[in-house]
Amino acid sequence: MLYGLGAAVASGLWTMVTFGYGRGSGTDDDNKALLANQSLLLTLVLANHYTHEKGMHNPYRQALCTFGNLQDAASASPTSPVPVFRMNLTGLYETFCKYMKDDQMTLLLYLLLHRNTNIRAYILSRTNIELLVVPILKILYDAQERNSHHIYMALIILLIMSEDDAFNKSVHELIVKNITWYTERNITEITLGGLVVLVVIRTIQYNMTRMRDKYLHTNCLAALANMSSQFHSLHPYVTQRIVSLFELLSKKHGKILEHLRNSPKLEHRNSNDERQELQPTPDYATDLAVLEEVIRMVLEIVNSCLTNTLHRNPNLIYTLLYKKELFVPFRTHPTFQDIIQNIDMVLNYFTAKLEQQHTGSLSVHEVLDIIKQAILQWPRDRLKKFPELKFKYVEEDQPEEFFIPYVWSLVYHSSNLYWNGDKIELFTINT
């Protein structure tokens, strides 16, 4: 299964584990694939233990988090720490692109991107980054078939990548074609950035109906927020999905408000035998607060795009105009009022331009042509400036509580070794 990993990583892994004293080779493809898989699992086990416990030093983790590119050996800076080992990062990158569907490969990529600056710089500089990003997106797209840990790892990888401005720019310049696994709509070609937006929004909607995990919501929106100032030439379908997400959240917001209005208020008597009203069902109030945070973030993402790249996104303007009534209920809401003012300013400007040109029924292409002409006259300093949306992934204080059970569950399910499931207490067998 992981033959490519054997070709690209086995020698480096063996060198890391034995600190340069081991050498080995195999000729049978099955043995190589098994060796690659076992080596990867062993590496993950060794690297994820004793990471923050009583100041203990984990040499395996240090080796994995500092190794460098074999081709950079001659240009190493004398002031930088010497890596424990070097390896061919081209082969490693190609292996990640080929085998990203597996949990253990996704976890290794997460660890290297998060902890190894050499690997992060190398991967983010690839001109064929779509070969890695598309398989990661497919993991999220197939969320129903994946465990929650695998979904988290794939999403965090996207979030870490989105922290890089060059990545956010390049994904909107790369065109991907014939994404056959995306079945909601037949899209012959789309920018990689547009595909990222589509899949992340779909993940948010899946989470709303199935997982209902605030942590997942937060990280999805953080990745989109990081990318929003670089949104470029968004496909019409992408803009429709962005606005549809806001529409879905708006309807949910209205339903929760209705529940709050209709919920009977409870009463109790205080020590003076006076009746006092209690707040209605607290779950609705909590849901409302969380939902308003999400709506605020979606509006900030739209606003960031309008503020920075309005001139490059006529399709977004068209979709906003088509659905402009969605924003009316939020104009006077104190949580959203300032952001809505910016969006309203854009809508009013382009509505006026359309009304000036209106000579009857206009086709979609005619409306878009008017929008594109009006964009040329749009004063870019008109909108109120908000702080730049920048989110950075921060690992939990006690990452072992998540990673150690996860790694050992991968060993149990993927190592081809017998383990007595009745004796396992660290994790649930069916996770």
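See the structure shown above.
Asker: Which parts of the structure should I look at to understand the overall build of the protein?
Answerer: Broken down by element type, the protein carries 17 helices and six strands. Expressed as a percentage of contacts within the protein between residues at least 6 apart in sequence, the contacts between residues at least 24 apart total 71%. If you sum the accessible surface of the protein, you get close to 22400 Å²; carbon and sulfur atoms cover 51% of it.

Asker: Would you mind showing me how to read the packing of aromatic side chains here?
Answerer: Given two aromatic rings, one states the distance between the centres and the angle between the planes to describe the pair. Under the defined criterion, the tally for this structure stands at 17 aromatic pairs. Taken together, a centroid distance of 5.9 Å and an interplanar angle of 80° make the contact between Tyr-110 and Tyr-393 edge-to-face. In this pair, Tyr-110 is assigned in helix H5 (residues 103-115) and Tyr-393 in the loop between helix H16 (364-377) and helix H17 (400-414), connecting sequence segments 283 residues apart. Assessed through its relative accessible area of 1%, Tyr-110 is described here as buried. Among the residues examined, Tyr-393 registers a relative accessible area of 9% and is labelled buried. Grouping aromatic residues by their ring pairs yields a cluster made of Tyr-110, Tyr-393, Phe-402, Phe-403 and Tyr-406. In this structure, Arg-126 is placed above the aromatic ring of Tyr-122, and the distance from its NZ or CZ to the ring centre is 3.8 Å. Over the ring of Tyr-141 we find Arg-202, and its NZ or CZ is 3.8 Å from the ring centre.

Asker: I tried to follow the pattern of salt bridges on my own but got confused; where do I start?
Answerer: Where charged atoms of side chains with opposite charge meet at close range, the side chains can pair. Using the criterion set out here, one finds 12 salt bridges in the structure. Linking Lys-251 and Glu-247 is a salt bridge whose minimum nitrogen-to-oxygen distance equals 3.9 Å. One end of the pair is Lys-251 and the other is Glu-247, both in helix H12 (residues 236-262) and four residues apart, which spans about a single turn. Across the pair Glu-300 and Arg-296 runs a salt bridge, and its minimum N-O distance is 3.0 Å.

Asker: Could you clarify how one ought to interpret the environment of Thr-239 in this entry?
Answerer: Note on placement: Thr-239 falls in helix H12. Of the residues examined, Thr-239 reaches a relative accessible area of 0% and is grouped as buried. Look past the residues within four positions of Thr-239 in its chain and what remains in contact with it is Leu-234, Asn-315, Leu-316 and Thr-319. Engagement of the side chain of Thr-239 in a polar contact is seen with the backbone oxygen of Pro-236, the distance being 2.7 Å.

Asker: I'm lost on the side chain of Asn-207 in this one. Help?
Answerer: In this structure, Asn-207 sits in helix H10 (residues 192-211). On the basis of relative accessible area, Asn-207 is assigned to the buried category, the value being 0%. Side chain to side chain, Asn-207 and His-217 meet in a polar contact 3.3 Å long. When residues no more than four places from it in sequence are discounted, the contact partners of Asn-207 are Arg-212, Asp-213, Leu-216 and His-217.

Asker: Before we go on, may I ask you to explain helix H14 (residues 314-322) in this structure?
Answerer: Residues spaced three or four apart along an α-helix face the same direction, because each turn holds 3.6 residues. Within H14, seven of the nine residues are buried, which leaves it mostly tucked inside the rest of the structure. Among all positions in H14, only Pro-314, Asn-315, Leu-316, Ile-317, Thr-319, Leu-320 and Leu-321 are buried.

Asker: What is the right way to look at the packing of H14 against helix H15 (residues 337-357) in this model?
Answerer: When two helices pack together, you describe them by how their axes are tilted relative to each other and by the distance separating the axes. Contact geometry for H14 and H15: axes closest at 10 Å, N-to-C directions at 90°. Relative to H15, the element H14 is oriented roughly perpendicular. Taken together, the residues of H15 that come into contact with H14 (itself represented by Ile-317, Leu-320 and Leu-321) are Leu-347, Phe-350, Thr-351 and Leu-354. The residue makeup of the contact of H14 with H15, split by class, is six nonpolar, one polar and no charged.

Asker: Would you explain unusual backbone geometry in this entry?
Answerer: Across the chain, the bulk of peptide bonds are trans and the bulk of non-glycine residues have phi less than zero. With a phi close to 50°, Asn-178 is a non-glycine residue in the positive phi region. Turning to its location among the elements, Asn-178 is positioned in the loop between strand S3 (175-177) and strand S4 (189-191). A relative accessible area of 57% means that Asn-178 is categorised as exposed. One non-glycine residue, Asn-416, lies in positive phi territory at about 60°. With respect to the helices, strands and loops of the structure, Asn-416 is situated in the segment after H17. Looking at Asn-416, the relative accessible area reads 65%, which means it is exposed.

Asker: What is the right way to look at the environment of Tyr-215 in this model?
Answerer: Structurally, Tyr-215 can be placed in helix H11 (residues 214-228). What makes Tyr-215 partly exposed here is its relative accessible area of 35%. Excluding residues that lie within four positions of it along the chain, Tyr-215 makes contacts with Tyr-152, Ile-156, Tyr-393 and Glu-396.

Asker: How should the nonpolar core be read in this particular structure?
Answerer: One recurring pattern in soluble globular proteins is that nonpolar side chains are buried together. Counting residues in each nonpolar core, the largest one holds 131 residues, and the members touching the most others are Tyr-110, Ile-123, Ile-129, Leu-132, Met-161 and Phe-350. Among all residues touching Ile-129, those that are not within four sequence positions of it are Tyr-93, Ile-123, Met-161, Phe-167, Leu-174 and Leu-192.

Asker: Would you mind going over helix H7 (residues 130-141) with me for this structure?
Answerer: Compared with the 16 Å implied by 1.5 Å per residue over 12 residues, the 16 Å span of H7 between its first and last C-alpha is a close match. Here H7 has its buried residues at Leu-132, Val-133, Val-134, Ile-136, Leu-137, Ile-139, Leu-140 and Tyr-141.

Asker: Just to check I follow, could you spell out the environment of Ser-229 for this structure?
Answerer: Topologically, Ser-229 is positioned in the loop between H11 and H12. For the pair Ser-229 and Leu-310, spaced 81 residues apart in sequence, the C-alpha to C-alpha distance is 9.6 Å. Contact partners of Ser-229, with chain neighbours within four places excluded, come to Ser-304, Asn-308 and Thr-309.

Each value, and the rule that gives it
- Residues numbered from 1 in each chain as written.
- Predicted model: local features only at pLDDT ≥ 70, side-chain atom pairs only at ≥ 80, totals over all residues.
- Heavy atoms only, no water.
- Helix = DSSP H or I, 4+ residues; strand = E, 2+ residues; numbered from the N terminus.
- Contact = heavy atoms within 4.5 Å.
- Areas by Shrake-Rupley, 256 points an atom, 1.4 Å probe, with all protein chains shown as cover.
- Phe/Tyr/Trp six-rings, centres within 6.5 Å; stacked < 30°, edge-to-face > 60°.
- Buried < 20%, exposed > 50% of the residue type's maximum accessible area, 1.4 Å probe, protein only.
- Lys NZ or Arg CZ within 6 Å of the ring centre and 35° of its normal.
- Salt bridge = Lys/Arg side-chain N within 4 Å of Asp/Glu carboxyl O.
- Polar contact = N/O pair within 3.5 Å; in protein donor to acceptor, adjacent residues only side chain to side chain.
- Axes fitted to C-alpha atoms, helices over the stretch in contact; angles between N-to-C directions.
- Parallel < 35°, antiparallel > 145°, perpendicular 65-115°, else oblique.
- Nonpolar A, V, L, I, M, F, W, Y, C, P; charged D, E, K, R; others polar.
- Core = buried A, V, L, I, M, F, W, Y, C linked by side-chain atoms within 4.5 Å.
- Expected span 1.5 Å × (residues − 1).

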